[in-house]
Amino acid sequence: MTINQIVRNTVARLKAEGKVWTPDVYTETFCSEAKKAGFTVEDCSGIDRYLTLFDKKTAEEIKQYRVRTTAELIRFLISKLGRLNPSEASVLVELLNSLAKKMAQAIDVLHNPEASALARKTITILETQGGATQIDLLKQAWNNFLSLYDNSFLMELAPFGSVDTTNLRRTIESLNLQEGRKEEIDHAKTIRLLVSSLVPSIAPTIDNATIQLSQKLQDNPEYIASDECEKELKVAIAMRIALDKESVEVMVSSLDSLLEKLSTQLIELIERSENSTSEIRNVKRDLEVLETNKPADFKTVHKRLYTIATTLEENVGLLSKDLHVHNEKVMQMGKKIATLEEELVKATQASREDFLTKLYNKRAIEEFLNVKEAEYERHGRSFCVALLDLDYFKAVNDTYGHDAGDAVLLAFAKILKEEARGSDIVGRYGGEEFLVILGDTELAGAKVFCEKVRAHVEQAHFMYQEQRIRVNVSIGVAQRSEYPSLKGVINGADERLYDAKRKGRNRVEPA
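About the criteria used
- Residues numbered from 1 in each chain as written.
- Predicted model: local features only at pLDDT ≥ 70, side-chain atom pairs only at ≥ 80, totals over all residues.
- Heavy atoms only, no water.
- Helix = DSSP H or I, 4+ residues; strand = E, 2+ residues; numbered from the N terminus.
- Buried < 20%, exposed > 50% of the residue type's maximum accessible area, 1.4 Å probe, protein only.
- Contact = heavy atoms within 4.5 Å.
- Areas by Shrake-Rupley, 256 points an atom, 1.4 Å probe, with all protein chains shown as cover.
- Salt bridge = Lys/Arg side-chain N within 4 Å of Asp/Glu carboxyl O.
- Axes fitted to C-alpha atoms, helices over the stretch in contact; angles between N-to-C directions.
- Parallel < 35°, antiparallel > 145°, perpendicular 65-115°, else oblique.
- Nonpolar A, V, L, I, M, F, W, Y, C, P; charged D, E, K, R; others polar.
- Left-handed = near helix turned anticlockwise from the far one by under 90°.
- Core = buried A, V, L, I, M, F, W, Y, C linked by side-chain atoms within 4.5 Å.
- Phe/Tyr/Trp six-rings, centres within 6.5 Å; stacked < 30°, edge-to-face > 60°.
- Lys NZ or Arg CZ within 6 Å of the ring centre and 35° of its normal.
- pLDDT = per-residue confidence, 0-100.
- Polar contact = N/O pair within 3.5 Å; in protein donor to acceptor, adjacent residues only side chain to side chain.
- Pairing = 2+ DSSP bridges.
- Arc of directions from axis to C-beta.

(A) Region of the structure containing the overall build of the chain. Helix and strand content of the chain: 20 helices and seven strands. Taken over 511 residues, the chain has a buried fraction of 33%. Considering only contacts within the chain whose residues lie at least 6 apart along the sequence, 59% involve residues at least 24 apart. Entry remark: accessible area of the chain is about 33,400 Å², with carbon and sulfur atoms responsible for 54%.

(B) Main features of the pattern of salt bridges. Evaluation of the coordinates by the stated rule reveals 23 salt bridges. The residue Asp 398 makes a salt bridge to Lys 394 at a minimum N-O spacing of 2.9 Å. Taken together, the residues Asp 398 and Lys 394, both in helix 17 (residues 393-400) and four residues apart, mark about one turn of the helix. Given the relative accessible area of 61%, Lys 394 is considered exposed. The residue Glu 451 makes a salt bridge to Arg 454 at a minimum N-O spacing of 3.2 Å. Placement of the pair is Glu 451 and Arg 454 together in helix 19 (residues 443-459), with a separation of three residues, close to one helical turn. Residue Arg 454 is classed as buried on the basis of its relative accessible area, which comes to 15%. Here the salt bridges share partners, and the residues they tie into one network are Arg 13, Glu 17, Glu 33 and Lys 36.

(C) Local environment of the side chain of Glu 61. Positionally, Glu 61 belongs in helix 4 (residues 56-64). Under the relative-accessibility criterion, Glu 61 is labelled buried at 7%. Those residues in contact with Glu 61 that sit more than four places away from it in its chain are Phe 76, Lys 80 and Glu 442.

(D) Quick peek at the packing of helix 17 against helix 18 (residues 402-419). Closest axis-to-axis distance for the helix 17/helix 18 pair is 6 Å, and the angle between their directions is 135°. It follows from the interaxial angle that helix 17 and helix 18 lie oblique. Of helix 18, the residues touching helix 17 (which contributes Phe 393, Val 396, Asn 397 and Tyr 400) are His 402, Ala 404, Gly 405, Val 408 and Leu 409. Its residues placed into classes, the contact of helix 17 with helix 18 shows six nonpolar, three polar and no charged.

(E) View of the packing of helix 18 against helix 19. Interhelical geometry of helix 18 versus helix 19 gives an angle of 140° and a closest axis separation of 10 Å. The angle between helix 18 and helix 19 places the two elements in the oblique class. Handedness of the helix 18/helix 19 crossing: right-handed. Every residue of helix 19 that contacts helix 18 at Phe 412, Ile 415, Leu 416, Glu 418 and Glu 419 is listed here: Phe 449, Lys 452, Val 453, His 456 and Val 457. Tallied by class, the residues present in the contact of helix 18 with helix 19 amount to six nonpolar, one polar and three charged.

(F) Spatial organisation of the nonpolar core. Core analysis: the biggest nonpolar cluster contains 35 residues, and Leu 388 and Phe 412 have the highest contact counts within it. Elements with a contribution of two residues or more to this core: strand 1 (383-390), helix 17, helix 18, strand 3 (433-439), helix 19, strand 4 (462-464) and strand 6 (473-479). Listed in part, the 17 residues of the second largest apolar core include Phe 383, Val 385, Ile 437 and Leu 486.

(G) Main features of the packing of aromatic side chains. What the rule picks out here adds up to two aromatic pairs. Seen from their ring centres, Tyr 360 and Phe 368 are 4.8 Å apart, and the 65° between their planes marks the pair as edge-to-face. Each ring, one from Phe 412 and one from Phe 434, has its centre 4.9 Å from the other, and the planes form 70°; the classification is edge-to-face. Remark: Phe 434 occurs in strand 3 and Phe 412 occurs in helix 18; sequence separation between them is 22 residues. With a relative accessible area of 0%, Phe 412 lands in the buried category. Given the relative accessible area of 0%, Phe 434 is considered buried. The ring of Tyr 392 carries the charged tip of Arg 505 above its face, separated from the ring centre by 4.5 Å.

(H) How the structure looks around the confidence of the model for the chain. Within the chain, residue pLDDT values average 77, and 70% of them lie at 70 or more. Considering only residues more than four positions removed or in separate chains, one finds that residues 179-184, a stretch of pLDDT under 50, has one contact.

(I) The arrangement of the side chain of Arg 428 in detail. Tracing the sequence through the fold places Arg 428 in strand 2 (residues 425-430). Among the polar contacts listed, one links the side chain of Arg 428 to the side chain of Asp 354, at a separation of 3.3 Å. Setting aside chain neighbours within four positions, we find Arg 428 in contact with Asp 354, Phe 355, Leu 356, Thr 357, Leu 359, Tyr 360, Asn 361, Lys 362, Leu 409, Glu 433 and Phe 434.

(J) Layout of the pairing of strand 1. With eight of its eight residues buried, strand 1 lies for the most part within the structure. Side-chain alternation along strand 1 places Phe 383, Val 385, Leu 387 and Asp 389 on one buried face and Cys 384, Ala 386, Leu 388 and Leu 390 on a second face that is also buried. Across seven bridges, the pairing between strand 1 and strand 3 is antiparallel. Residue pairing in the sheet places Val 385 in a bridge with Ile 437 of strand 3. Of the pairings in the sheet, the one linking strand 1 to strand 6 comprises seven bridges and is antiparallel in character. Note on strand 6: the bridge partner recorded for Leu 388 is Ile 475.

(K) Just the sheet that holds strand 3, in detail. Ordered by their spatial adjacency, five strands build an open sheet running 2-3-1-6-7, and the pairing between neighbours is mixed. Of all the strands in the sheet, the pair left with one neighbour each is strand 2 and strand 7 (508-510). Across the sheet, the mean angle from the axis of one strand to that of its neighbour is 20°, orientation sign disregarded.

(L) Here's a closer look at helix 4. Restricting attention to buried positions, one finds in helix 4 the residues Thr 58, Ala 59, Glu 61 and Ile 62. Angularly, the buried residues of helix 4 cover 160° about the axis, an arc narrow enough to put them on a single face. Away from its buried face, by an angle of more than 90 degrees, helix 4 presents the exposed residues Lys 56, Lys 57 and Lys 63. Where helix 4 begins, one side-chain oxygen reaches toward the backbone nitrogen of Lys 57, 3.1 Å away; that side chain belongs to Asp 55. Note on helix 4: the residue one or two positions beyond its end, Arg 66, has a positive phi of about 55°.

The structure is reproduced here in structure tokens:
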């Protein structure tokens, strides 16, 4: 099977499945067809082409976390970089720098001057180790390029062959540029269909200009290829739409007025139903006849509805005042329900939030732990749990008072928020004890995080009424994959916290 056949199979499959033809969807379908045909395509190898650039341990981690796309690979590397020690981070930065240069060199050889210019600029900045400002400006330039890039110009080649927006070479190879090939067109058949389509479908009349154009086309079918015919066709189509629209508006307006009147009278009749049984039966019978013997034209419908409305008008009086009373009660109940809903939202939020630190409370933390446990059991996504306890916190309360203790807890909660990643979950577990869930993190990375928190607390200035309160924190951390259950990993972190206290406090003890 040739590559052109695979492309045709891909297009046929996309049409049959009715999918939107985005680049990602096309690539996925094409690679599936190529694999089915036993055809090896380098672009379908995913991230395997990059694995040889990493050491064996990193490559195994990438496979373990099921990284499949380039975007997922970059996020994985960034996450790993934030958890590594300085020496490992330096090596990884060099690898990422080398990878970025190779990718930029690949882009430079593509047939796009804007992309090539940006790629060369990227290589220059990477080689000269440009600062954060230069890299941020470069990132913005790439974002602008992606936002403004438009490959729709390739579709101009569609009349000459199959256009593959993901493979320029394949598109060029499929082009058939032979001149002088024109298919004969059955103008007579086309004219008959065109003239039929110009007749309004709703309006009872047709305008003179459209009649004259139809006659011209029937007398001279070749007239359809002229510029004048194109202009007249646009006018005729616009006129056909306008005539139909005008007729519909007239009909709908008449029916709306009639049905509004009918609905009002029905409400009145229902409120008087105990004394108007015969009138309701008559109206019901008329409506049933109208539904069973549906008229074929609008005028008959209008006439029968008008008869029903007249009958209601003759037998029904004014609307009951009770309707307004009930309406007012309904509005009051609606306002009350809205107030109760707001109070419920506030109560729900408060039930998951610690009243002092505004971190998650123990109940919310346990819910998140159950979610992480489910992800671990289903997908093998490990995580770490860190238990943090302020040293000698009782002495702070005894010496400075409980207000000072609350101020220390608030300041410590702020430090945890600053050091935690957006994906980390931080909560107050009870008293001066806090718990942090570190998702997709191994024990070494969790220890780096805990050491940052410990050092930050040790160097911080905890102030209360112009007095500095010295505060330290002891931390125990454990990794889920090292324990048989969720309860086991929490107990493990608690045991390591006890070890930290026993060994002198102000330290991190990983399991």
